[in-house]
Amino acid sequence: MNQTNYFIVLTGGPGVGKTTLLNELQKQGYRTVPEDARRIIKEQLESNGDGLPWKNRQYYATLMLAASTNSFLHELKESVTDPGYVFFDRGIPDTLAYIEMENLIVEESLLAEAKAHHYHKKIFILPPWREIYETDNERKQTWEEAEATFKQMKNVYEQLGYEVVETPKTTVEQRYQFIIEALKSADY
């Protein structure tokens with residue numbers, strides 16, 4: 001089996017509990033890959049850079065695409081010596097969805113490379129959940145933008161041939177169990 005069949009994406013709009021779920025997966029002993037967006041935003045804020053979604057969306061998208069691809073390739077190397085499921089807080093297609101949402105243009109070679117990397121056929125999308133949604137220094141989207149992001153993410157993953165599995169709005173432990181059970185039932 002291709003080792004990237006063990007690369008599992010958690011996606012959805014902002015503020016839906018992806019990081020909390022990722023932390024639970026890590027606590028249960030799974031390898032996890034944090035979201036690149038928060039790191040990039042934090043670095044850009046600290047360096048007074050303009051690669052921010054509210055400043056220079058084009059540059060931000062380029063940074064995101066490169067970071068997502070690098071995370072994928074890094075995990076590909078790691079999985080040779082440490083096989084098993086790896087859970088990603090967002091995947092490369094999330095950046096492709098952002099590029100589409102913002103009507104941005106990205107260098108064709110970067111796009112081709114990004115589209116060449118594949119994850120497990122099932123990806124898990126966390127739906128908008130108003131009761132837990134919060135904004136902060138790095139998450140500035142309105143509720144309406146969060147809902148639109150969810151729809152765009154789902155659409156892009158489906159267009160790329162992934163089976164999009166909606167994760168229920170429930171406790172983190174139940175979400176964790178839902179994902180593990182869904183992966184056990186996946187036929188390769």
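Refer to the preceding data block for the structure.
This write-up is about the structure you can find in this document. In every chain, residue numbers begin from 1 and rise along the written sequence. Only residues with pLDDT of 70 or above have their local features reported here, since the model is predicted, and side-chain atom pairs are shown and tallied only from 80 upward, although totals for entire chains, interfaces and linings are computed over all residues. Only hydrogens and water are set aside; all other atoms, that is, all heavy atoms of the structure, feed into the side-chain values.

### Topic: the overall build of the protein chain
Inclusion rule: Numbering of helices and strands runs from the N terminus; a helix is a DSSP stretch of H or I covering at least four residues, while a strand is a stretch of E covering at least two. For every residue, the accessible area obtained with a 1.4 Å probe (protein chains only) is divided by the maximum for its type, and the residue is called buried under 20%, exposed over 50%, and partly exposed between those limits. We get accessible surface area from the Shrake-Rupley algorithm with a probe of 1.4 Å; when it comes to residues, only the shown protein chains can shield them.
Secondary structure assignment for the protein chain yields seven helices and five strands. For the protein chain, the C-alpha atoms occupy an extent of roughly 45 × 40 × 30 Å along the three principal directions. Counting across all 188 residues of the protein chain, residues that qualify as buried make up 48%. With the model as given, the accessible surface of the protein chain reaches about 9600 Å², and the carbon-plus-sulfur share is 48%.

### Focus: the sheet that holds strand β3 (residues 86-89)
Spelled out, the test is: Paired strands are those between which DSSP finds at least two bridges. Lines fitted to C-alpha atoms define the axes here, with helix axes fitted over just the stretch in contact, and angles between the N-to-C directions of these axes take values from 0 to 180 degrees. Only heavy atoms matter for contacts: two residues are in contact if any of them lie within 4.5 Å across the pair.
Strand order across the open sheet formed by five strands is β2-β3-β1-β4-β5, with parallel pairing between neighbours. The sheet terminates laterally at β2 (31-33) and β5 (163-166), the two strands that pair on one side only. Neighbour-to-neighbour, the strand axes of this sheet turn through a mean angle of 25°, independent of strand direction. Note that strand β4 (residues 122-126) and β5 share four bridges and pair parallel. Along β5, the bridge assignment pairs Phe124 with Val165. Strands β1 (7-12), β2 and β3 of the sheet are contacted by helix α3 (residues 57-81), whose axis makes an angle of about 165° with β2.

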